[in-house]
Amino acid sequence: DTLDLALADTKQRYPDLDIQPYRDMIKGMLMDTPGHALYQTRYETWDDLEIYCYRVAGTVGLMTLPVLGTSPGCTLEQARGPALSLGIAFQITNILRDVGEDA
């Protein structure tokens, strides 16, 4: 279908694009899907929450990194950690913003 074609084209244009973050994001979506085995509404530990944040937001940083590129003198590998951390930080900020509303 059209989405598969778009992803295949993107992968061809950006060969450094890793498919794993896309797979991980799908797992993150399933963590938000009631009735699915991965569904959760509470995270008991930081490690559990971090996995969720990675899957739903950290993956975005990793997916866009090869497309957006890096600043001169910085490799994709060097930028990977900061891109991942930024995505996780955005998700934690989103969760904190919603705490009062969801309580």
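This one's a predicted model, so the numbers in the text were calculated from it and none came from an experiment.

A. Region of interest: the side chain of R55. Here R55 is to be found in helix α3 (residues 46-68). Although buried, R55 forms no salt bridge, and the nearest oppositely charged side chain, D24, lies 5.4 Å from it. Sequence-distant contacts of R55, defined by excluding residues within four places in its chain, comprise D24, M25, K27, G28 and M31.

B. The arrangement of the nonpolar core in detail. M31, L49, Y52, C53, Y54, V56, A57, L62, I88 and I92 together form the largest nonpolar core, which totals ten residues. Those elements that provide at least two residues to this core are α3 and α4 (76-102). Among the elements that line this core, the one with the most residues is α3, at seven residues. Residues within four places of Y52 in sequence aside, it is in contact with G28, M31, D32, Y43, Q91 and I95.

C. Just the confidence of the model for the chain, in detail. Per-residue pLDDT for the chain averages 91, and the proportion of residues at 70 or more is 98%. Mean pLDDT in the chain bottoms out at helix α1 (residues 2-13), which sits at 86, and peaks at helix α2 (residues 20-31), which reaches 95.

D. Main features of a negative patch on the surface. Taken together, the side chains of E44, D47, D48 and E50 present a region of like negative charge at the surface. One can find E50 in helix α3. Taking relative accessible area as the criterion, E50 reaches 31% and is therefore assigned partly exposed.

E. Seen up close, α1. An ideal rise of 1.5 Å per residue puts 16 Å on twelve residues; α1 measures up with 16 Å between its terminal C-alpha atoms. Burial of α1 is sparse: only zero of the twelve residues sit out of reach of the surface.

F. Summary view of the environment of L62. Within the secondary structure, L62 sits in helix α3. Counting along the chain gives 33 residues from L62 to M29, while the straight-line C-alpha distance between them is 16 Å. The contacts of L62, once residues within four sequence positions are left out, are P21, Y54, R80 and L84.

G. Broad picture of the pattern of salt bridges. All told, the structure shown has two salt bridges when counted by the stated rule. For R13, the salt bridge identified is with D9, shortest N-O distance 2.8 Å. Of this pair, R13 and D9 both sit in helix α1, four residues apart, which is roughly one turn of that helix. On the basis of relative accessibility, which here comes to 32%, the residue D9 falls in the partly exposed class. In this structure, R97 engages D98 in a salt bridge whose closest nitrogen and oxygen atoms are separated by 3.3 Å.

H. A look at the environment of I95. Note that I95 resides in helix α4. Along the primary structure I95 and C53 are separated by 42 residues, whereas in three dimensions their C-alpha atoms are 9.5 Å apart. The residues touching I95, leaving out its near neighbours within four places in the chain, are L49, Y52 and C53.

Parameters and conventions
Residues numbered from 1 in each chain as written. Predicted model: local features only at pLDDT ≥ 70, side-chain atom pairs only at ≥ 80, totals over all residues. Heavy atoms only, no water. Helix = DSSP H or I, 4+ residues; strand = E, 2+ residues; numbered from the N terminus. Buried < 20%, exposed > 50% of the residue type's maximum accessible area, 1.4 Å probe, protein only. Lys, Arg positive; Asp, Glu negative; His and termini not counted. Salt bridge = Lys/Arg side-chain N within 4 Å of Asp/Glu carboxyl O. Contact = heavy atoms within 4.5 Å. Core = buried A, V, L, I, M, F, W, Y, C linked by side-chain atoms within 4.5 Å. pLDDT = per-residue confidence, 0-100. Patch = residues over 30% accessible without salt bridge, like charges linked within 9 Å, V, L, I, M, F, W, Y side chains within 5 Å. Areas by Shrake-Rupley, 256 points an atom, 1.4 Å probe, with all protein chains shown as cover. Charge placed at Lys NZ, Arg CZ, Asp CG, Glu CD. Expected span 1.5 Å × (residues − 1).

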